[in-house]
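Breakdown of the fold
Here is what each chain is made of, one letter per residue.
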Amino acid sequence: MKKPVYLDYQATTPTDPRVVDYMVPFFYEKFGNPHSRSHVYGWNAEAEVEAARAKVAAVIGADPKEIVFTSGATESNNTAIKGIASFYKDQGNHIITVQTEHKCVLDTCRHLEQEGFDVTYLPVEANGLLDMEKFKSAITDKTILVSVMAANNEIGVLQPIAEIGAICREKGIKFHTDAAQAFGKIPLDVDAMNIDLLSISGHKVYGPQGIGALYVRRKPRVRLNALINGGGQERGMRSGTLPLALIAGFGKAAEIAQAEMAEEHTRLLKLREYMYEEITKRLPAIILNGDREQRLAGNLNLSFSYVEGESLMMAIKELAVSSGSACTSASLEPSYVLRALGVEDELAHSSIRFGLGRFTTKEDVDFAVNLLADKVQKLREMSPLWEMVQEGVDLKSVKWAAH
Amino acid sequence: MAYSTKVIDHYENPRNVGALDKNDPTVGTGLVGAPACGDVMKLQIKVNDDGVIEDAKFKTFGCGSAIASSSLATELLKGRTLDEATTIKNSDIAAELALPPVKIHCSVLAEDAIRAAIADYQAKKGLKASA
Amino acid sequence: MTDLLEVGGNASSTHSFGQDARMVVDGARRQVAQLFDVRPEQVVFTSGGTESNNMAIFGALAASAHKRIVTSPTEHHAVLHAATAATQNGGRVSALKVDRNGLIDLTHLRALLAEGDVALVSVMAVNNETGLLQPVADIAAACRAAGVLYHVDAVQAPGKIPTRLADWGADMVSVSFHKLGGPKGVGALIFRAGVNIPAFIHGGGQERGRRGGTENTLAIGGAGLAAELAAESLADMPRLKRLRDTVEGAVKRLSNEIEIVAEGAERAGHVSCFILPGIAGDSAVMAMDMEGVAVSSGSACSSGRVTPSHVLMAQGYPEEVAKCSLRVSWGWNNTEADADTFVQAFTKVWHRLNKENTRN
């Protein structure tokens, strides 16, 4: 069977072959425990870990000492949010986050609510962006932590991180951002943006799965209670043997992402805009979810009105895409992110996330556009809703028998 | 979740997609489901003077199983009398298509659509729905 | 495993790339389940042994009305520090008495359990520094009788001793795969059927809601293979034990001052912990390194710091002695030639350091 065209770069990115090549020796001759400081295997391993740390730090303008390796962005988010909440709980018990955050941030916050913290889940506007006035008015003198993602995994919108950071710094509130989708894709500078903690994922930036990082600011110093306790690695903030090969690959991936970021951004933006223009040229009643300007170059999230999502997914099996977010697509719940934007359930059901990335070509996009135009048209011809709309019926005026 | 080959066949080659004139007195139209629930079925039957369904058409907004269920329903309806049509059960459709448990509701919806179409036809004829 | 670098895909995605990743993860889960003779759904993948230990400890406390953890003082830091952190808000940790070999005192354990306020007992299967085997089945029986959860840090066990969960009787078992030739960055927590604790890392709903985070497909695939290879390692254990015994014999012939920790107790066959009186462990490690032999002192994870082994200190060795340990472990890739090399190198190092010692 021919492999489908991969357009799901927000779920995960294929490991860059340059990263793979770089990693392979670490499984064979370059093994060693970077914590064994008394023999040469250990020294070489430690040197590689520190080199990778520097490469990751450079992407966000951080000092290498501020990078803590973790098993991935989920662990980073758990560590940052629980760690800050528990360390600073004497200063207040209020946390602000956003309804469209990644599930792991929301789940972690819900867990903290059970432990007695107050969490404000800010709504977003119809374009998916935070209203700064609503944000400001949510702050109280009990607020100890703000967690707002840099780029959304479903709709790709970029939140005003720098503005949020400035306000948090001024008020002495710790600011965490989940940058799993943004790292290596858009310029990030922890100092200019006043970011105190920042979560990174290896496999979203063409590195391996199972590795990530948490940036923790040193000046002014941000402290946290560790989530994973043990041998005291990573300056006590994250215990556990460091996975050398994964870290080496992650470092290489960060280096490549930084070197190619500007060029790749331009290329992807052009490709995405082309895709959007072509689809809307050929199909009426297509809705773009999320702001068109303030969004990741490689993300396009569209609702195909009057077509049901699952049958659309079946019709475009030759494309590897996601409906809803990857982590929840095993269930048929409409995406909570789209709901937060006020997208109606039936449109949410028919939404598809197209994730474009480093290995996406114009041919891939043309193939996708042709397939979509053909299949959506066929499904609409089969859709009683489309027929009613063509006849001028206002679907909202129909009294549907819910079942 | 894997669909049976029969579901995939009906999904890829749906039978009897289309519309009949809903103002025709010999046509009964059933519209069931709701967009917010993810399925809407429109099923139409054309009944001749002998009370036999001589044509059936459908349009469905829904998943592959919903499309397959309504497509199969139109096949089952053609050539049956109205009385015979009322005996079609969702379990027949589910069994024929080997629907997984989470998709049984699609066959229920198809049965609802059949009943709604028959009721619409009988209402037009001034008949009471068969008691 | 490097082939798996080519498997892209997020194992939670429904398209074929995701399903390829899902197949790798499911296959590995079956392989790991087989190692413990449990069903695949009893296996939860984590980022490593440390996370598994933290998950078990924090989870057991969250699931219990009690706030007390009983553990042995010779546990890995991942257990000891997690226990401390988990009980910092009102709970407490009680240390079991251990003898000179590190063996826990079962009578003491039963007495602590009888106090009725214990949430969890955590005692490892195989000590990482000395190879000592704890009486896991006896501990499990005592815990079961008291209705208390029993967690086993079994990071050192697979491939070294049989690991059938039913024989152990434990409720939760931590595994790390790089200790059995697998990749780093992956571990697992094995649950006895019916044992349930809240999630430790929240989000995403992966691992049936028990551990959030995109599955580490590559490393998990490697973990599956490593689990399968553990059976071969177990078969290789008599050979390693012979290598070890040869080396221990040679070392003891060198000087009767050298002690082998837990020599008279039941030990896994792959490791020796020598005490070299008057010679700091890290100097011995350096000297051996110059001879081309990689060994370690104390526990590898803390050897970045020059601290005495907490394991040996718990066993009653004085601090200055606990700084003088040398850990030698043997793996599948070691041969008799390596054993000879070790003995030759060690003989030189011992004579040199011993001479320096007497000069000082």
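Residues numbered from 1 in each chain as written. Chains lettered and ligands numbered in written order. Predicted model: local features only at pLDDT ≥ 70, side-chain atom pairs only at ≥ 80, totals over all residues. Heavy atoms only, no water.

**Some remarks on the overall build of chain C**
Helix and strand counts for chain C come out as eleven helices and ten strands. Each principal axis of the C-alpha atoms in chain C carries an extent, and together these give about 70 × 55 × 35 Å. Out of the 360 residues belonging to chain C, those deemed buried represent 62%. Taking the contacts inside chain C whose residues are at least 6 apart along the sequence as the reference set, 69% of them involve residues at least 24 apart. When the accessible surface of chain C is summed, it comes to about 13600 Å², and 51% of that surface belongs to carbon and sulfur atoms. Of the side-chain charges in chain C, 33 are positive and 37 negative, and the distance between the mean point of each set is 3 Å. (Helix = DSSP H or I, 4+ residues; strand = E, 2+ residues; numbered from the N terminus. Buried < 20%, exposed > 50% of the residue type's maximum accessible area, 1.4 Å probe, protein only. Contact = heavy atoms within 4.5 Å. Areas by Shrake-Rupley, 256 points an atom, 1.4 Å probe, with all protein chains shown as cover. Lys, Arg positive; Asp, Glu negative; His and termini not counted. Charge placed at Lys NZ, Arg CZ, Asp CG, Glu CD.)

**Re the nonpolar core**
Core analysis: the largest hydrophobic core is formed by 73 residues, its most contacted members being Ile60, Phe69 and Phe135 of chain A. For this core, the element with the highest residue contribution is helix H7 (residues 244-282) of chain A, accounting for eleven residues. Both domain 1 (5-10 + 261-390) and domain 2 (17-257) of chain A contribute no fewer than three residues apiece to this core. With residues near it in sequence (within four places) discarded, phenylalanine 69 of chain A still touches Val49, Ala52, Arg53, Val56, Ile211, Gly212, Ala213, Glu234, Arg238, Leu242, Ile247 and Phe250 of chain A. Formed by 66 residues, the second largest nonpolar core is a distinct cluster that contains Val321 and Leu379 of chain A together with Ala73 and Leu82 of chain B. (Core = buried A, V, L, I, M, F, W, Y, C linked by side-chain atoms within 4.5 Å. Domains from an automatic or database assignment.)

**Re the interface of chain A and chain C**
Contacts between the two partners involve 58 residues from chain A, matched on the other side by 53 residues from chain C. Roughly 4300 Å² of surface becomes buried between chain A and chain C when both sides are summed, with 57% attributable to carbon and sulfur atoms. Counting across the chain A and chain C interface gives one salt bridge. With its nearest N and O atoms 2.5 Å apart, the salt bridge here joins lysine 3 of chain A to aspartate 20 of chain C. Run the count over chain A and chain C and you get 13 residue pairs in polar contact (both at pLDDT 80 or more). When residues of the side of chain A that touches chain C are traced back to their parent elements, those giving at least two are helix H1 (17-27), helix H2 (40-59), helix H3 (73-87), helix H4 (103-114) and H7 of chain A. (Buried area = accessible area lost by both parts, 1.4 Å probe. Salt bridge = Lys/Arg side-chain N within 4 Å of Asp/Glu carboxyl O. Polar contact = N/O pair within 3.5 Å; in protein donor to acceptor, adjacent residues only side chain to side chain.)

**A few points about the interface of chain B and chain A**
Facing the 28 residues of chain B at the interface are 24 residues of chain A. The junction of chain B with chain A conceals about 2200 Å² of combined surface from both sides, 68% of it contributed by carbon and sulfur atoms. Area buried by chain B at its contact with chain A is led by Tyr11, Pro35 and Phe61 of chain B, which between them contribute 29% of it. Inspection of the chain B/chain A interface yields four salt bridges. Viewed at the interface, chain A and chain B are joined by eleven residue pairs in polar contact (both at pLDDT 80 or more). Among the secondary structure elements, those contributing two or more residues to the side of chain B that touches chain A are helix H1 (5-12), strand E1 (27-34), strand E2 (39-47), strand E3 (53-61) and helix H2 (64-77) of chain B. The biggest single contributor to the side of chain B that touches chain A is E3 of chain B, with four residues.

**Considerations on the packing of H1 of chain B against H2 of chain B**
Residue and element names in this part refer to chain B. It is the contact of H1 with H2, at a shortest axis distance of 8 Å, that shows an interaxial angle of 80°. Between H1 and H2, the crossing angle belongs to the class labelled roughly perpendicular. On H2, the residues touching Val7, His10 and Tyr11 of H1 are Gly64, Ser65, Ile67, Ala68, Ser71, Leu72 and Glu75. Among the residues making up the contact of H1 with H2, the classes are represented as five nonpolar, four polar and one charged. (Axes fitted to C-alpha atoms, helices over the stretch in contact; angles between N-to-C directions. Parallel < 35°, antiparallel > 145°, perpendicular 65-115°, else oblique. Nonpolar A, V, L, I, M, F, W, Y, C, P; charged D, E, K, R; others polar.)

**Examining the arrangement of the chains**
Ranking by contact count across two pairs of chains in contact places chains A and C at the top. Looking at chain B next to chain C, you find no contact at all, with the nearest C-alpha pair sitting 9 Å apart.

**Brief notes about the pattern of salt bridges**
A side chain with one charge can pair with a side chain of the opposite charge if their charged atoms come near. Residue and element names in this part refer to chain B. Overall, the coordinates contain 52 salt bridges over all chains when judged by the stated rule. The salt bridge involving aspartate 9 is made with arginine 15; its shortest N-O contact spans 2.7 Å. By relative accessible area, which is 22% here, arginine 15 ends up partly exposed. Glutamate 111 serves as the salt-bridge partner of arginine 115, at 3.1 Å between the closest nitrogen and oxygen.

**Considerations on H4 of chain A**
All names here are of chain A. Under the 1.5 Å per step criterion, the end-to-end length of H4 is 17 Å for twelve residues, consistent within 8% with the ideal 16 Å. Buried within H4 are the following residues: Cys104, Val105, Leu106, Thr108, Cys109 and Leu112. Each element contacted by the buried residues of H4 is listed here: H3, strand E3 (94-98), strand E4 (118-122), strand E5 (143-147), strand E6 (174-178) and helix H9 (336-340). Taken from the residues just after H4, glycine 116 is the one with a positive phi, measuring 105°. (Expected span 1.5 Å × (residues − 1).)

**Quick notes on the confidence of the model for chain A**
Overall, the prediction assigns chain A a mean pLDDT of 93, with 96% of residues at 70 or greater. Here residues 325-331 of chain A scores under 50 on pLDDT; set against residues more than four positions off or in separate chains, the count is 16 contacts. (pLDDT = per-residue confidence, 0-100.)

**Structural notes on a nonpolar patch on the surface**
A grouping of Val40, Tyr41 and Trp43 of chain A together with Met286 and Met290 of chain C is seen on the molecular surface, where their side chains present a nonpolar patch of about 500 Å² in accessible area. Looking at the nonpolar patch, the elements with two or more residues in it are H2 of chain A together with helix H8 (281-290) of chain C. Looking at the nonpolar patch element by element, the count peaks at three residues for H2 of chain A. Checked against the element boundaries, methionine 286 of chain C lands in helix H8. In this structure methionine 286 of chain C comes out as partly exposed when scored by relative accessible area, which is 39%. (Patch = residues over 30% accessible without salt bridge, like charges linked within 9 Å, V, L, I, M, F, W, Y side chains within 5 Å.)

**Quick word on the sheet that holds E3 of chain B**
All names here are of chain B. Taken together, the three strands give an open sheet; going across it, the order is E1-E2-E3, and neighbouring strands pair in antiparallel fashion. Unpaired on one side and paired on the other, E1 and E3 mark the two borders of the sheet. Across this sheet, the average inter-strand angle for adjacent strands is 10°, counted without regard to direction. With eight bridges joining them, E1 and E2 adopt antiparallel strand pairing. Each residue of the ladder has a partner; that of leucine 31, found in E2, is lysine 42. (Pairing = 2+ DSSP bridges.)

**Brief notes about the domain arrangement of chain A**
Residue and element names in this part refer to chain A. Along its sequence, chain A is carved into domain 1 (5-10 + 261-390) and domain 2 (17-257). The centre of domain 1, based on its C-alpha atoms, is set 29 Å off from the matching centre of domain 2. Facing 26 residues of domain 1, the contacting portion of domain 2 comprises 32 residues. Of the roughly 2500 Å² buried where domain 1 meets domain 2, counting both sides, 57% is carbon and sulfur surface. Area buried by domain 1 at its contact with domain 2 is led by Met261, Tyr336 and Arg358, which between them contribute 29% of it. At the surface where domain 1 touches domain 2, the tally comes to zero salt bridges. At the level of elements, H7, strand E10 (299-304) and H9 are the ones that each hand at least two residues to the side of domain 1 that touches domain 2. Of all the elements, H9 adds the most residues to the side of domain 1 that touches domain 2, at four residues. Residues belonging to the side of domain 1 that touches domain 2 are distributed by class as follows: ten nonpolar, twelve polar and four charged.

**Let's talk about the domain arrangement of chain C**
Residues and elements named next belong to chain C. Taken domain by domain, chain C consists of domain 1 (3-229) and domain 2 (236-359). With 22 residues of domain 1 at the interface, the matching set in domain 2 holds 26 residues. Ranking the residues of domain 1 by area buried against domain 2 places Arg100, Glu129 and Thr130 at the top, with a combined share of 37%. On inspection of domain 1 and its partner domain 2, the count reaches zero salt bridges. Here domain 1 and domain 2 share seven residue pairs in polar contact (both at pLDDT 80 or more) between them. For the side of domain 1 that touches domain 2, a count of residues per class yields six nonpolar, eleven polar and five charged.

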